[in-house]
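Structural overview
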Amino acid sequence: MYAVLFTDAGLSPAQISSLFAIWSVTAFALEIPSGVWADVFSRRTMLIAAPVLTGAGFALWTFFPGYAAFAIGFVLWGAGTAASSGTLQALVYEELVKLDAEDSYAKVIGRQDAIGNGGGAIATALAAPVLAAGGYLAVGVASVAACLIAAALARTLPESRTQPEDRESYAAVLRSGLGEVRASPRLRHSLILVAVIMGVTALDEYLPLLAAATGVGAAGVPWLMLMLFATATAGGWLAGQGARWTALGVATAALLLAAGAAWRTPLGFALVAAAYGIVEWATAALEADLQDDLTDRSRATVTSMSGLGAEVFAVLAFAGYALGSVWAQPWLLFTLAAVPYLLIAAAVRRGPRGPSRDRE
């Protein structure tokens, strides 16, 4: 609802765009620093702080609506996003290692994503009646409350790490992470694959345009988008199963995406939704490969590098879509978007082989 809130507060499209730019720049700038911080200090503390920062931003929007508060809120939200990016994956993987259950990482992280997608669908469905009943105040208070509940849940997470005084300096951990990436072709391959698939998938922001182009009308778009929530949830829930078929799965997703987009009907959109569900499943497998290649010493740092790379590829994807939209319709642009997935599938199949790095 925030874009509507900004409009109702009197902001122009240019001002709203500047707020989105502030959000992106903040998350981009803090991605790696926050990952290093999580490796140096407490990952659980970072995961507690992340929703608190986001909630503080929502509180500003709710009680002090105006451009300045919106801008500060996006800075806080960007900081919260950066604080959790890479940190959660590192904490989950390390704790699974302690339980000798690291092979279940893809399943655990995939189901976490599935629950998140389900929560997003529920929140979207509730937004309209909550707004009708209590206006932006009710929506804002509910959003802040959700963030505080997330922080409380993060506090219950286990963290089996050494005491702060036994840990390395910020600079040492950063050098260690960079050194790992330079020294291991397999690690670089995994890192780039995760960054690319997450970055290209950011094109899902334009899927409502593709849905509208199927002829269902504005009222029908939410129903088609609901299919995306359903397939993404299913893909996340099935993560960790059949990982050896990741390359074939991504290639299949590319073909479904191309065929579904070119079909230009609601049934074709169902194929697009299926493609994105498969991508959700495959992304968890690729993230698991990345975690297998990392050492505990700088796990969050390097994972954050993949997040930074994903932001870069997302910007390139957005720019490509914007440029292509000058001469092409959404169906053609999404058909062409299948090409990167075919390249990813080929890279997965032909990637470096060999054992993962020893953990420290």
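Looking at an unreviewed UniProt entry, one finds the protein chain named MFS transporter and attributed to Acrocarpospora macrocephala.

This part is about a nonpolar patch on the surface. A grouping of Phe28, Val312, Phe313 and Leu316 is seen on the molecular surface, where their side chains present a nonpolar patch of about 340 Å² in accessible area. In terms of residue count, the dominant contributor to the nonpolar patch is helix α13 (residues 299-324) (three residues). Position of leucine 316 relative to the elements: it lies in helix α13. Take leucine 316: its relative accessible area is 53%, and that puts it in the exposed class.

This part covers helix α10 (residues 221-237). With 17 residues, α10 extends 25 Å between its outermost C-alpha atoms, agreeing within 8% with the 24 Å of an ideal straight helix rising 1.5 Å per residue. When α10 is considered as a whole, its buried residues turn out to be Val221, Leu224, Met225, Leu228, Ala232, Gly235 and Gly236. On an axial view of α10, the arc spanned by its buried residues comes to 125 degrees, and they lie on one face. Residues Pro222 and Trp223 are exposed on α10 and point more than 90 degrees away from its buried face. Among the structural elements, α6 (105-154), α9 (207-216) and α12 (266-292) are those in contact with the buried residues of α10.

A word on the UniProt feature "transmembrane region" (unreviewed entry) in the protein chain. When the UniProt feature table is mapped to this numbering, "transmembrane region" (unreviewed entry) covers residues 20-38, 137-157, 191-213, 219-238, 245-263, 269-288, 300-324 and 330-348. Across residues 219-238, helical content stands at 85% and strand content at 0%; the span's end C-alpha atoms are separated by 31 Å. Between the first and last C-alpha atoms of residues 300-324 the distance is 36 Å; the span itself is 100% helix and 0% strand.

Looking now at the layout of surface pockets. Sizing a probe to match a water molecule and rolling it over the atoms shows the empty space that remains. Here the second largest pocket is characterised by a volume of approximately 470 Å³. Lining the second largest pocket we find 24 residues, and of these Arg186, Ala243, Thr246, Ala285 and Asp289 sit closest to its centre. Secondary structure elements with two or more residues in the lining of the second largest pocket: α6, α8 (185-201), α11 (246-263), α12 and α15 (338-350). Partitioned by chemical class, the residues of the lining of the second largest pocket number 10 nonpolar, five polar and nine charged. When residues of the lining of the second largest pocket are assigned to domains, at least three fall in each of domain 1 (1-157) and domain 2 (172-348).

Before going further, it helps to spend a moment on the environment of alanine 345. With respect to the element layout, alanine 345 can be found in helix α15. Not counting the four nearest positions on each side in its chain, alanine 345 is found in contact with Ala247, Val250 and Ala251.

Let us now look at the packing of α8 against α12. Running from amino to carboxyl end, α8 crosses α12 at an angle of 155 degrees, the nearest separation of the two axes being 9 Å. With respect to their mutual orientation, α8 and α12 come out roughly antiparallel. Like other packed secondary-structure pairs, α8 and α12 cross with a definite hand, here left-handed. Between α8, through Leu187, Ser190, Leu191, Leu193, Val194, Ile197, Met198 and Thr201, and α12, the contact on the second element is made entirely by Tyr276, Val279, Thr283, Leu286, Glu287, Asp289 and Leu290.

Glancing now at the domain arrangement of the protein chain. Accessible area lost during the coming together of the parts is what is often quoted as the interface size. Segmenting the protein chain into domains produces domain 1 (1-157) and domain 2 (172-348). Computed over C-alpha atoms, the centres of domain 1 and domain 2 are 20 Å apart. If you look at the interface, domain 1 gives 30 residues, while domain 2 gives 28 residues. With both chains or domains summed, domain 1 and domain 2 bury close to 2,500 Å², and 66% of this area falls on carbon and sulfur atoms. Run the count over domain 1 and domain 2 and you get zero salt bridges.

If you look at the biggest cluster of nonpolar residues, it comprises 47 residues, and the most contacted ones within it are Leu207, Leu257, Tyr276, Phe334 and Tyr341. Of all the elements in the fold, those that place two or more residues in this core are α8, α9, α10, α11, α12, α13, α14 (330-336) and α15. Top contributing element to this core by residue count: α12, with 10 residues. Not counting the four nearest positions on each side in its chain, leucine 207 is found in contact with Met225, Leu228, Phe269, Val272, Tyr276 and Phe334. Among the nonpolar cores identified, the runner-up in size contains 13 residues, and Phe6, Leu11, Ala71 and Trp77 belong to it.

The final tally for this structure, using the stated rule, is 24 aromatic pairs. Ring geometry for phenylalanine 6 against tryptophan 61: centres 5.3 Å apart, planes inclined by 80 degrees, an arrangement best described as edge-to-face. Note that phenylalanine 6 is positioned in helix α1 (residues 2-8) and tryptophan 61 in helix α3 (residues 43-63), a separation of 55 residues in sequence. Here a set of aromatic residues connected by ring pairs shows up, and it is made of Tyr2, Phe6, Phe20, Trp23, Phe58, Trp61, Phe70, Phe74 and Trp77.

Take helix α7 (residues 170-183) next. With 14 residues, α7 should cover 20 Å at 1.5 Å per step; its first-to-last C-alpha distance of 20 Å lies within 8% of that length. All of the buried residues in α7 are Ala172, Val173, Ser176, Gly177, Glu180 and Val181. In this structure, the buried residues of α7 make contact with α2 (13-40), α8 and α13.

Parameters at a glance
- Residues numbered from 1 in each chain as written.
- Predicted model: local features only at pLDDT ≥ 70, side-chain atom pairs only at ≥ 80, totals over all residues.
- Heavy atoms only, no water.
- Patch = residues over 30% accessible without salt bridge, like charges linked within 9 Å, V, L, I, M, F, W, Y side chains within 5 Å.
- Areas by Shrake-Rupley, 256 points an atom, 1.4 Å probe, with all protein chains shown as cover.
- Salt bridge = Lys/Arg side-chain N within 4 Å of Asp/Glu carboxyl O.
- Helix = DSSP H or I, 4+ residues; strand = E, 2+ residues; numbered from the N terminus.
- Buried < 20%, exposed > 50% of the residue type's maximum accessible area, 1.4 Å probe, protein only.
- Expected span 1.5 Å × (residues − 1).
- Arc of directions from axis to C-beta.
- Contact = heavy atoms within 4.5 Å.
- UniProt positions renumbered as here; feature names shortened; annotations may be inferred.
- 1 Å grid on protein atoms, 1.4 Å probe; cavity = no way out; pocket = protein on both sides within 12 Å on 5 of 7 lines; lining within 4 Å.
- Points joined across faces, edges and corners; volume = space filled by probe spheres on them.
- Nonpolar A, V, L, I, M, F, W, Y, C, P; charged D, E, K, R; others polar.
- Domains from an automatic or database assignment.
- Axes fitted to C-alpha atoms, helices over the stretch in contact; angles between N-to-C directions.
- Parallel < 35°, antiparallel > 145°, perpendicular 65-115°, else oblique.
- Left-handed = near helix turned anticlockwise from the far one by under 90°.
- Buried area = accessible area lost by both parts, 1.4 Å probe.
- Core = buried A, V, L, I, M, F, W, Y, C linked by side-chain atoms within 4.5 Å.
- Phe/Tyr/Trp six-rings, centres within 6.5 Å; stacked < 30°, edge-to-face > 60°.

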